[in-house]
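# Structural features, examined
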Amino acid sequence: MITTLNIHSRYDLETLARMVFKTQDVLNTEKERIRRSASLLKAAVLDSLSKMEVVLTLEDHDSQKRLRSRIIATGNDRVMLDKGVSIPVNCIKHIEVPS
């Protein structure tokens, strides 16, 4: 079972800060990476319209965790989340956007 973190929990923020992300991408194909970029852009737009949270599946050297947060902005290398938290794009395995 994958642990779900919440960006609004101080303990979960500390857990996120201790994660050591890989330098290589967790996704294997260019098609998967393009799909991830499109989902991140969609989540950022949804945040600007309705402050909607998404659930990100993150992978580091030791584990996978799910993180519930808003996506404030996304770039090629990093994603800005709620609370000023920034994470590398290449650690994001999946984005669940509520329909």
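Residues numbered from 1 in each chain as written. Predicted model: local features only at pLDDT ≥ 70, side-chain atom pairs only at ≥ 80, totals over all residues. Heavy atoms only, no water.

For the protein, the count of helices and strands is 2 helices and 7 strands. The secondary structure elements of the protein, listed N-terminal to C-terminal, are β-α-α-β-β-β-β-β-β. Whereas a compact globule of 99 residues would reach a radius of gyration of roughly 13 Å, the protein reaches 12 Å, a difference of no more than 12%. Taken over the C-alpha atoms alone, the protein extends approximately 35 × 35 × 25 Å along its principal axes. Counting only contacts in the protein whose residues sit at least 6 apart along the sequence, the fraction spanning at least 24 positions is 60%. Of the roughly 6,000 Å² of accessible surface on the protein, 52% is carried by carbon and sulfur atoms. (Helix = DSSP H or I, 4+ residues; strand = E, 2+ residues; numbered from the N terminus. Rg over C-alpha atoms; globule rule 2.2 N^0.38 Å. Contact = heavy atoms within 4.5 Å. Areas by Shrake-Rupley, 256 points an atom, 1.4 Å probe, with all protein chains shown as cover.)

Moving on: the nonpolar core. A general trend in soluble globular proteins is that nonpolar side chains are found buried together. Judged by nonpolar contacts, the single largest core of 21 residues is most densely connected at L16, L56, L58, I71, L81, I87 and I92. Look past the residues within four positions of I92 in its chain and what remains in contact with it is V26, L27, R36, L40, L56, T57, L58, V79 and I87. (Core = buried A, V, L, I, M, F, W, Y, C linked by side-chain atoms within 4.5 Å. Buried < 20%, exposed > 50% of the residue type's maximum accessible area, 1.4 Å probe, protein only.)

Within the open sheet, the 4 strands sit side by side as β1-β3-β2-β7. Their pairing is mixed. Across the chains shown, the open sheet's two edge strands, defined by having one partner strand only, are β1 (3-6) and β7 (92-96). Strand-to-strand twist in this sheet, taken as the mean axis angle between neighbours without regard to direction, amounts to 25°. Where β1 and strand β3 (residues 64-69) come together, 4 bridges link them in parallel fashion. Opposite T3, over in β3, you have K65 as the bridge partner. Each of β1, β2 (54-59) and β3 is contacted by helix α1 (residues 10-18), which is oriented at about 115° to β1, the strand it contacts most. (Pairing = 2+ DSSP bridges. Axes fitted to C-alpha atoms, helices over the stretch in contact; angles between N-to-C directions.)

Let's shift gears to the pairing of β3. The side-chain alternation of β3 yields one buried face, formed by K65, L67 and S69, and one unburied face, formed by Q64, R66 and R68. Between β2 and β3, which pair antiparallel one after the other, the connecting turn spans 4 residues.

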